[in-house]
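# Structure assessment
One letter stands for each residue in the lines below.
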Amino acid sequence: MSTVQKKKLLTGPMMRSAVKDSFVKLNPVTLMKNPVMFVVEIGTFIVLMMVLLPGYFHASEAIGFNITVFVILLVTVLFANFAEALAEGRGKAQADSLKKTKQDISANKVAGGSIKIVASSELRKGDIVVVSQGELIPGDGEVIEGLASVDESAITGESAPVIKEAGGDFNSVTGGTRVVSDEIKVRITSDPGESFLDRMISLVEGAKRQKTPNEIALNTLLISLTIIFMIVVVTLRPIAAYLDVDLEIPVLIALLVCLIPTTIGGLLSAIGIAGMDRVTQFNVLAMSGKAVEAAGDINTMILDKTGTITFGNRMASEFVPVGKETEEDVAVWAALSSLKDETPEGRSVIELVKKLGYSYDAGLASGAEFIEFRAETRMSGMDLSDGHKVRKGAVDSVKRWVASQGGIIPDNLDQHSNIIAGKGGTPLAVAVDNRIYGLIYLKDTVKPGMKERFEELRKMGIKTIMCTGDNPLTAATIAAEAGVDGFIAESTPENKIEVIRSEQKEGKLVAMTGDGTNDAPALAQADVGLAMNSGTTAAKEAANMFDLDSDPSKIIEVVAIGKQLLMTRGALTTFSIANDIAKYFAIIPAMFTLAIPEMEVLNIMGLGSPSSAIISALIFNAIIIPLLIPLAMRGVSYKPMSSTRLLRRNIFIYGFGGVAVPFLGIKLIDMVVSLWI
Amino acid sequence: MGIVQIIVVIAILLLLVKPAGTYLYHVFSNEPNKTDRIFGGVERGIFKLSGLNKREGMSWKTYALSFLSTNIVLVAFGYIVLRLQAGLPLNPNGINQMEQTLTFNTVISFITNTNLQHYSGETGLSYFSQMAVITMLMFTSAASGFSVAVAFVRGITGRATLGNFFEDFVKSIVRVFLPLALIITLVLVGLQVPQTLKPTIQITTMDGQIQQIATGPVASLESIKHLGTNGGGFFGANSAHPFENPSPLTNVIEILSMWTLPAALPYMYGLFAKNKRQGWGIFAAMMTLFVLLLSLNYYAESSGNPAINSMGIDVSQGSMEGKEVRFGIPQSALFTTVTTAATTGSVNNMHDTQTPLGSITPLALMMLNNVFGGKGVGLVNMLMYAILAVFLCGLMVGRTPEFLGRKIEAREMKLIAVAILIHPLIILVPTAASFLTDLGQGAISNPGNHGLTQVLYEYVSSAANNGSGFEGLADNTTFWNMMTGVIMLLGRYVSIIALLAVAGSLLRKQPVPETIGTFRTDNGLFTGILIATVLIIGALTFLPVVVLGPIAEHLTLR
């Protein structure tokens, strides 16, 4: 993650191109997709006609007012376009940097027995290419021969190279990444234009952005509210005419624009794009907005134990002396055996010794020879300069090593090692020359903070299920330690699908993470499947999101982002609709006061004059859009808590706020506007 | 003292809600219960006669079609009888056949449970028509509405099916309306309401003049008129007539008989939802809106007409113009509020002569059409607003909106959009159209703001299937008969069909289990949100016309 710095919310060039785009988006054909703003545009056009042809519309007297209304209406549409353009702009900036990676590169295609150099764009599915050290991989594919380390920083931002090898779960390579050592033979798995990189670019660009189901439903509601208010406004003119109250068309258009939900109408697509973008900023790519929405709805989360809940590598948690030895002796010799051992296990031994407060003479290691772990010996350690040989390793191997030097095996060694194994841990024996001191209890440890995360998930109403290949005893220990709601021990990929299906049968939405090919069916079955970028192509194809950093615990953040996206949409909808109350009280008295002076009583806000009241309400209606852009882009703040508390808080802020803010805003604007009108 | 009268009636209602709601649940849950022993036999007989032996659950489409076709048959029957009544039996007063457009308006008015009356019962209908058409339609339209409401509730609470329309229809009549109507009729007869087939009574008054006093089978019509929230009076003066509503006691009985069933439906819904708090939440929202609007009417009427007050005339009694002395302000205000809330449409005082502010109460209740509401439609409409409220605010808990464990998605929103659109559409468009034509304007008896209210009221009353008249509008013309006839049809059937479709669509969905993260619809917070949604979406739409009508009239009174 080190190279992925938090991108700034807005940059200068992004703003400039968004301003330009907001004018381009005035094109009615594009604007038609946003019916609420389209209605505003039509209103703008009508008022423009009245400004241009005042004689025809008998509107010469009110030309100043009409020009003002026209300008504010135009600005309203521009603001809404700007919000959308800005949100899209951030995605585009990211896509541009990805496109740089996607240059045409030459490939060494294996044709018959010989190798031919072709352009990467000519490669088709099934072609085989050879990639050597220093070369770019020409397309997505699977390693079919060899092993190499590959620098994937262009896509993941992670600078450390990863190992890719034929067979197994680490055989998928991505076009545009660089081989930094060795040589591999790759079978291409995608045609040009369909590669991972291509999909990624179109995803972040939002080129094929489709409205999510909830957006479609919300849009339906916004359209019907717009129609209702059109009915209200259109019928008002003849009804008022019966009372000899003549309502000017620009005034009616102003009323209509204020009442229809322009705030949410203008910001809706920006909220959606920004939500996707927040996921992308997090180095997770969602295949669709629908997937992010579904993440907010998740009821059950299935998490792999290893790598997600625990570190996966085993850490020293205890020193167990055997025979007549003491814990301190075990600890000291274990530390000495591990001084040059850079494996996580080795480092954890040193950490545990420090934690327990034992001291050892590091000087003994000077001039010592480090014995590396090898598959044949299954031990590692040091040959100290004073002649002592220190070893730690698999209990059987150490026993054999000690016995070969004529040492005696303590009686309770097997007993203790069996106890550790029974609890799901791994025992390592520690020996010096022909004497066994004791055991290191290696245990899988829960990542710090996981317990709190699961507590938060519970507050959101999400159940967590841990999957592990461990035996039930070990599984139960880790499950209790991590605080998950349930676990499946000795689980197979088929188990996962069963669990997902049975949860789904109860109407629950399930999220899971996975990376192996055998996870693919479960990833496809889950409502939200998060694949690891390090995983196989099959897993990535089946998932609807993938994490470029390959950190499976990110699924929890993805859920939070999904919820935040939905909350932002709801909050701004509520705010927008609640605004109508104040707007009614600003405009209705203003409309009728000229003909019915007694209406002044309803002017509870004490607005300066009818014209200034209408202008102020319109101005408020326009500027609230850009004022809310930061909120739409950032999302409303979200802390896990029960739905009732969450609702009470949001209703207070966005519901009551939505009622109160426009009263205040319109009054303030009116105080300024009435200086002129 | 006035307020005490009102509080006592509301208290009695509150006591009736639970037993009545429980009874309705037993009737429609289709699970065996004690009432089967009393009514089972009659029902089985009817089912056997009509060949309805299987009574399988229906899809929403079949349910809607059964509902529609039953209504069409009843309309056809009613139309023929009214057109031929002159030659049919039981016509002691020799009443002529009804004119075409008036007949069109009348049968639609009664099948849609509106009971807008452009005729006067004394002179326009034979006894046979009163009984075979008017009273019969009062039973069947109420039963139709009730059935639809129950089907809707079954749909959203996730029963196996929406139920069987014919079974629900028969059960509503046999187990609810007939027995209750029988009891209320007898009580009313005991309280001096006439029930006779004898012709008009002819008497000689003290100053020697001969006077015709209309009478007839009044009590039987009166009971179902209120129980079925129909509202069409035997006499033109409706429940203000001393034969329909002779005393304050009959007034209270009539109020309670039109209010109890609609008020008990939310409780029944709570039982269907297996969570009584859901029902009470809806009830609380209805009651809050009810009390608010009742207070407005009571306050405005008690304060009297400001123009008369300023002349120095004693107004300690309030505005008594158009009110019966035997009811006074409190019993009139309560009756007006209940009759427009429950979309009954009977009147015991002249709504046309209420103070401008007071007349906002009946207008607003019909514009909302969901504060208790009649024959189940009120509950269905309120639940529609509940779904809308969930949709608007539900996102704020970070989940896509769900109501009673079912996701609210695009399809439901489209259907609900139709249902919320139709109401303002069929009120505002015809109102505007009427002002554009001489045919419409010609009927207005008081020009100005009050005239605007007259026209508006007529369409609001038709659209909400309420049927109360503001009166003062010369509405028995081809124009008004046709316009209001079409609006009553649209007001009734469009939203019912759309909402049945919503129920059908929700029923098909896989329910989502409730967790701590679920948006709760059974607490006070939700009741508050629901009220706000009703006011902002349902009421503000009509604010401009209400401002031009009653509010402008009030402000310009002098």
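Quick caveat, the model's predicted, so the values are computed rather than measured.

## What about the sheet that holds strand β21 (residues 545-547) of chain A?
Residues and elements named next belong to chain A. Pairing within the open sheet is mixed, and its 7 strands lie in the order β9-β21-β20-β19-β10-β17-β18. Every interior strand has two partners, whereas the edge strands, β9 (284-286) and β18 (486-488), have only one. Recorded for the sheet is a direction-independent mean angle of 20 degrees between the axes of neighbouring strands.

## Structural notes on helix α1 (residues 2-28) of chain B
All names here are of chain B. Here α1 is 27 residues long and its end C-alpha atoms lie 38 Å apart, about the 39 Å a rise of 1.5 Å per residue gives. At Val17, α1 shows its strongest bend, of approximately 35 degrees, with the proline Pro19 following within four residues. Taken residue by residue, α1 has Gly2, Ile6, Val9, Ile10, Leu13, Val17, Ala20, Gly21, Leu24, Tyr25, Val27 and Phe28 as its buried positions. Along its buried surface, α1 packs onto α6 (127-156), α7 (165-190), α9 (248-272), α10 (276-303) and α12 (328-341).

## Describing the UniProt feature "binding site: ATP" (unreviewed entry) in chain A
All names here are of chain A. Under the UniProt annotation, the feature "binding site: ATP" (unreviewed entry) is placed at Asp341, Glu345, Phe373, Arg374, Ala375, Glu376, Thr377, Arg378, Met379, Ser380 and Lys392. Residue position: Phe373 is located in the loop between β12 (369-371) and β13 (379-383). Locating Lys392 in the fold gives a position in strand β14 (residues 389-394). The class for Lys392 is buried, based on a relative accessible area of 4%. Setting aside anything within four residues of it in sequence, one finds Lys392 in contact with Ser337, Ser338, Asp341, Gly346, Met379, Ser380, Val398, Leu428, Ala429, Val430 and Ile440. Polar contacts involving the side chain of Lys392 include one to the side chain of Ser338, which spans 3.0 Å.

## Some remarks on the environment of Leu507 of chain B
Residues and elements named next belong to chain B. Its location among the elements puts Leu507 in helix α18 (residues 478-507). Residues Leu507 and Ser461 lie 46 residues apart in sequence; the distance between their C-alpha atoms is 32 Å. Other than its neighbours up to four places away in sequence, Leu507 contacts Arg154, Gly155, Gly158, Arg159, Ala160, Thr161, Leu162 and Arg406.

## Considerations on the environment of Gly126 of chain A
All names here are of chain A. You can see Gly126 is positioned in the loop between β2 (114-119) and β3 (128-131). With relative accessibility at 42%, the residue Gly126 sits in the partly exposed group. Between the C-alpha atoms of Gly126 and Arg187, which are 61 residues apart in sequence, the distance is 5.8 Å. Leaving out residues up to four positions away in the same chain, Gly126 has contacts with Arg187 and Ile188.

Conventions we followed
Residues numbered from 1 in each chain as written. Chains lettered and ligands numbered in written order. Predicted model: local features only at pLDDT ≥ 70, side-chain atom pairs only at ≥ 80, totals over all residues. Heavy atoms only, no water. Pairing = 2+ DSSP bridges. Helix = DSSP H or I, 4+ residues; strand = E, 2+ residues; numbered from the N terminus. Axes fitted to C-alpha atoms, helices over the stretch in contact; angles between N-to-C directions. Expected span 1.5 Å × (residues − 1). Bend = angle between axes of the 7 residues up to and from the residue. Buried < 20%, exposed > 50% of the residue type's maximum accessible area, 1.4 Å probe, protein only. Contact = heavy atoms within 4.5 Å. UniProt positions renumbered as here; feature names shortened; annotations may be inferred. Polar contact = N/O pair within 3.5 Å; in protein donor to acceptor, adjacent residues only side chain to side chain.

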